[in-house]
Amino acid sequence: MTSTTPPLVLVDGSSYVYRAFHALPPLANSQGQATGAVKGVINMLRRLVKDYPESTIAVIFDAKGKTFRDDIYPLYKANRPPMPDELREQIEPIHEIVKAMGLPFICTPGVEADDVIGTLSREASEQGIQVVISTGDKDMAQLVNAHTTLVNTMTDTVMDERGVEDKFGIPPRLIIDLLALMGDKVDNIPGVAGVGEKTALALLQGIGGVDEIYANLEQVASLDFRGAKNMAAKLEPEKENALLSYSLATIKTDVELDQAPQELKNGAPDQPVLLDWYTKMEFRSWVEELGEEDLAPVESVDTDYELVTEQEHLDRWLEELEASEVFAFDTETTSLDYMEARIVGVSFAVSPGRAAYVPLAHDYLGVPEQLDREAVLAQLKPLLENPNKAKLGQNLKYDASVLANHDIHLQGIAFDTMLESYVLDSTATRHDMDSLALKYLGCSTIHFEDIAGKGAKQLRFNQITLEEAGPYAAEDADITLRLHQKLWPSLEREPMLRSVFEEIELPLVPVLSRIERQGAYLSRELLVEQSAELGIRLQELEAETFDLAGQEFNLGSPKQLGEVLFEKLQLPIIKKTPKGAPSTSEEVLTELALDYPLPKLLLEYRTLSKLKSTYTDKLPEMINAETGRVHTSYHQAVTATGRLSSSNPNLQNIPIRTQEGRRIRRAFIAPEGYKIVAADYSQIELRIMAHLSGDQGLLGAFSQGLDVHRATAAEVFEVELDQVSGDQRRKAKAINFGLIYGMSAFGLAKQLHLGRHEAQQYIERYFERYPGVQEYMDSTRALAKEQGYVETLFGRRLYLPEINARNKMRVQAAERTAINAPMQGTAADIIKRAMLAVDDWLQGGDADARMVMQVHDELVLEAATAQVESVSAKLCELMSSAADLAVPLLVEAGAGDNWDEAH
């Protein structure tokens, strides 16, 4: 007979804490407080509440201090490292949130959480109450019986008595004996020397538990396992360890507790306390679920959203738009690909809560009558192309490109809420509309998935009914307008930030759109040829790898690779993963490759495999059929420092230091009659450092046109400039760039393969020769701690939420960012200012040339062959005058039939 009474759920909270901490990437709120473990634990508890809605869910944690096991065996858990600071600071929030959720919270001194769970499960079982223990701890399998099962929320597995036997090969009653024989390295339970898992199982299956084994040692020799004949002699002197281990591994089931199982009850959630904690942790979606958003007061706005399907109605709206000082505008389209997207409808807003959607190309079965798309766009064209009519949008670069597909060239872009938010604080939030609405308006928007569904069956916007499409599209325009009204006053109060917005970011929108739509010309044939050659080389590398390893294995499997490197070949373990396995990361392989051939082959295999899958295979598929070019998307509001990023394809990460990487650049070719012209800044961040620090040594080196790395080498290694060796220049270059990124002596030593003491001497000598740099770094750290942010030369601001964190490592990371961000951010501002100047010149029509790419500190153009020299000269002139620094801004330009030749 199956019980219909809801089970008692007992949660191993301490197990949850460590699993969540190691399973999730490190997360932190804007104040630098670690939040990953909190989120992981509470997420699992929320799921349990959902899965067991009628059950009492008690959460049990380990108490501070020693337990009775420490008295039995002082070395118990001695191998465990202390709790990381990032985890320690999350314990209190976890405990308080559990209590606020209304779940019974138990933390009993002198015993472990396992013992409390063991006692409650025994008492409940004896009363016929079904028990579910939620844990990832294998030791808990000893508690499983007819009334008790284990649930692992991370792997979605449930284990009853049969499940325990299937997994471990023994029934629950022998789990303690298994642990006693084989020991437990994690808890430092000694076990029996020479007995591993296989031997332990053979003994348990053949004879019985530890007591039976020691009572019948003469039977051991007859068992069918390797070493059985000599095992009795090994077991006999280990009896004391076996019994000790049995005692340590046994979960107590007789702990004196304040409450019996039937007395545990869920209470009502304490909503204000939950809201407070979720707010502090910045768990926005959970705050939203509670119906409040503290990051911004919820704005109560009456909405009047109109669906415009008749000409008279549209005429009235056109009159309103013409009369408005500024209006919000948005497009709904068939695709996220700006080159392919076609307009499905347009929306407008002129005042908070008042917006309209004009459907133009919905084509589902039974769609009501709509206005003609071409006729409406023709009416909108003069308004949208009027440079004196202010428009407002969210990521208007996309809308501008889609309008261009319909021969409408958007002008009068006055505001963009994505960029307003980004300039105000690049690190405060993501800058998509849904995130901004939640943060700044305190409201949740209609998400696209809400009306279109998810996955393979997701509808395109043209397939969505007008009843659903209308409110969604009108809300986009309305929210954009309201966001602008919230964000713009904050920018107006900060003249430098307003300048960054008005003079750099906003004018760049049409420039980037032109570059994107122009695209980069590609040779499909060269890429296909290279891909085939890479495929052959990868097969050769795989064969060489198998030959060195002495076996075949999956090169893409870290587990199998770890087994080959560290178990079979016994290579030294450099680093471990959070879960304790030997790391096979690129950093580890690079270090091992210095002394061993197999890691070197693996690195080459990984590099070529990534080139093939990311570029030579993928780029040909991304060539637009109509233009013959690839059209990347440039992102202005992603990086913290102001640098542009790109995607589909990512042009920023094409390697330049390897021959194969440069071959990919050779596929970026100029069309007939043109050449590729590439110009980039030389050592721009070091020049910015010289300007910001005012260090006379650096200023002098750059002003005299010296090779700054050679000049640094002469100073640090105390030799004449013409006596600097290639190795000394290489080391000086590492010092120059390393220090502006906040590299420590340890990091420098590792990079240059030096002793730490020698690296420290280099750094100290560097600062002796360049004291202005030391002063700049010290003052920047101090200023960052005082005001919480640093600025670029042009006033772009980078907030550093962890600069005053409690965790020392987080503070050090924030300090490194504080030193580097002004340089990296200023370099980003300079290249953007250069792009604006170059675009302005090109739009004047004086040259037969166009910008096709921006990559890091480099601009790439196509120029008519006859004009290459003049275009190169003008390009260098405009780029070098993009900022007025205390040292020259040196720009180097080259030209060729392809990008590699030009750079």
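Caption draft 1: Representation of the pairing of strand S2 (residues 57-61). Most of S2 is tucked away: 5 of the 5 residues are buried. Here S2 shows two buried faces, one formed by Ile57, Val59 and Phe61 and the other by Ala58 and Ile60. Direction of pairing for strand S1 (residues 8-12) relative to S2: parallel, over a ladder of 4 bridges. Bridge pairing links leucine 10 to alanine 58 in S2. Inspection of the sheet shows S2 paired to strand S3 (residues 105-107) by 3 bridges, in the parallel sense. Each bridged residue has a counterpart across the sheet, and for phenylalanine 61 the counterpart in S3 is cysteine 107.

Caption draft 2: Quick peek at the side chain of glutamine 652. Counting through the fold element by element, glutamine 652 comes out in the loop between strand S16 (645-647) and helix H27 (659-666). Here glutamine 652 falls in the buried class, since its relative accessible area comes to 10%. Within the structure, glutamine 652 has its side chain in polar contact with the backbone oxygen of glutamine 854 (distance 3.3 Å). Setting aside chain neighbours within four positions, we find glutamine 652 in contact with Tyr634, Leu644, Ser645, Ser646, Gln854, Val855 and His856.

Caption draft 3: A look at the side chain of threonine 826. Summarising the element assignment, threonine 826 is placed in helix H35 (residues 808-843). A distance of 3.0 Å separates a polar atom in the side chain of threonine 826 from the backbone nitrogen of leucine 793.

Caption draft 4: View of the pattern of salt bridges. This model, assessed by the stated rule, comprises 51 salt bridges. With its nearest N and O atoms 3.1 Å apart, the salt bridge here joins arginine 643 to glutamate 685. Within this pair, whereas arginine 643 is found in the loop between strand S15 (633-635) and S16, its partner glutamate 685 is found in helix H28 (residues 684-693), the two being separated by 42 residues in sequence. When salt bridges with common partners are traced through the structure, they connect Asp304, Glu306, Glu320 and Arg354 into a single cluster.

Caption draft 5: Representation of the sheet that holds S2. Sheet architecture is open: 6 strands sit in the order S3-S2-S1-S4-S5-S6, paired in mixed fashion. At either end of the open sheet lies a strand with only one pairing partner, and these are S3 and strand S6 (157-159). Neighbour-to-neighbour, the strand axes of the sheet open up by a mean angle of 25°, direction not taken into account. With respect to the sheet, helix H4 (residues 85-100) is in contact with S2 and S3, its orientation differing from that of S2 by roughly 160°.

Caption draft 6: Spotlight on the sheet that holds strand S21 (residues 858-864). Strand order in the open sheet made by the 4 strands is S20-S21-S17-S22, with antiparallel pairing throughout. Edge strands, defined here as strands with exactly one partner in the open sheet, are strand S20 (849-855) and strand S22 (891-896). Ignoring which end each strand starts from, the neighbouring axes of this sheet average 20° apart. Looking at chain direction, strand S17 (residues 674-681) and S21 are connected through 7 bridges and run antiparallel. Residue isoleucine 676 lies in a different strand from S21, and its bridge partner there is glutamate 862.

Caption draft 7: Highlighting the nonpolar core. Ranked by size, the top nonpolar core spans 121 residues in total, and within it Phe668, Tyr681, Met853 and Leu861 carry the most contacts. The contacts of methionine 853, once residues within four sequence positions are left out, are Ile515, Ala520, Tyr634, Leu651, Phe668, Glu858, Leu859, Val860 and Trp899. Ranked by size, the runner-up nonpolar core spans 63 residues in total, among them Phe327, Leu360, Leu383 and Leu441.

Caption draft 8: View of helix H30 (residues 708-716). Counting buried positions along H30 yields 7 of 9 residues, so the element is predominantly enclosed. Every buried residue of H30 is accounted for by Val708, His709, Ala711, Thr712, Ala713, Ala714 and Val716. Residues of H30 that are buried make contact with H28, helix H29 (696-703), helix H31 (726-740) and helix H33 (756-769). A side-chain oxygen of the first residue of H30 lies 3.0 Å from the backbone nitrogen of histidine 709; this N-cap is aspartate 707.

Caption draft 9: Quick look at the pairing of strand S9 (residues 343-351). With 8 of 9 residues buried, S9 is to be regarded as a mostly interior element. Note that S9 and strand S10 (residues 354-359) share 6 bridges and pair antiparallel. Looking at the pairing, valine 346 lines up with valine 358 of S10. The antiparallel hairpin formed by S9 and S10 contains 2 residues in its connecting segment, where glycine 353 sits at a positive phi of about 85°.

Procedures and definitions
- Residues numbered from 1 in each chain as written.
- Predicted model: local features only at pLDDT ≥ 70, side-chain atom pairs only at ≥ 80, totals over all residues.
- Heavy atoms only, no water.
- Buried < 20%, exposed > 50% of the residue type's maximum accessible area, 1.4 Å probe, protein only.
- Helix = DSSP H or I, 4+ residues; strand = E, 2+ residues; numbered from the N terminus.
- Pairing = 2+ DSSP bridges.
- Polar contact = N/O pair within 3.5 Å; in protein donor to acceptor, adjacent residues only side chain to side chain.
- Contact = heavy atoms within 4.5 Å.
- Salt bridge = Lys/Arg side-chain N within 4 Å of Asp/Glu carboxyl O.
- Axes fitted to C-alpha atoms, helices over the stretch in contact; angles between N-to-C directions.
- Core = buried A, V, L, I, M, F, W, Y, C linked by side-chain atoms within 4.5 Å.

None of this, on its own, says anything about what the molecule does.
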